[in-house]
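Results of the structural survey
Chain by chain, the residues run as shown.
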Amino acid sequence: DVCSSDLIVVANVTASAANATVSIYTNGAVAQGSAPSGGTAYPIISTVSVPGNASLIAVDKTTAVYLQEGTSISITSGTGSSLTFSISYEDIS
């Protein structure tokens with residue numbers, strides 16, 4: 001199976017800027033809320049500052065990301081609880 005990520009939006013819910021990183025990890029899935037246990041990270045965006053009370057579109061249909069089995073997307077925030085993330089994807093069988 002292959003998944004296509006059509007949209008990743010990063011929203012800063014605080015008044016201060018916060019950094020976001022979005023990566024694709026190979027060699028194993030990453031459980032929601034968990035750090036990757038291994039594999040290699042390939043950043044899509046790395047340590048990008050999101051202004052306070054603003055949003056950033058990290059991926060859209062013009063830059064869609066295709067994931068093979070055994071890969072996953074990992075998203076981290078440089079400041080705890082400052083950023084929220086929304087992902088829209090399509091499962092391609």
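We now turn to the structure provided with this report. (Residues numbered from 1 in each chain as written. Predicted model: local features only at pLDDT ≥ 70, side-chain atom pairs only at ≥ 80, totals over all residues. Heavy atoms only, no water.)

Throughout the structure, instances matching the rule amount to one salt bridge. Note that K61 and D6 form a salt bridge whose closest N and O atoms lie 3.8 Å from each other. Here K61, found in the loop between β4 (55-59) and β5 (65-68), pairs with D6, found in strand β1 (residues 2-12); they are 55 residues apart in sequence, far enough to count as distant. The class for D6 is buried, based on a relative accessible area of 14%. (Salt bridge = Lys/Arg side-chain N within 4 Å of Asp/Glu carboxyl O. Helix = DSSP H or I, 4+ residues; strand = E, 2+ residues; numbered from the N terminus. Buried < 20%, exposed > 50% of the residue type's maximum accessible area, 1.4 Å probe, protein only.)

Within the element layout of this structure, S5 appears in strand β1. We classify S5 as buried; its relative accessible area is 3%. Aside from chain neighbours lying at most four places away, what touches S5 is V59, A64, V65, I73, I87, S88 and Y89. (Contact = heavy atoms within 4.5 Å.)

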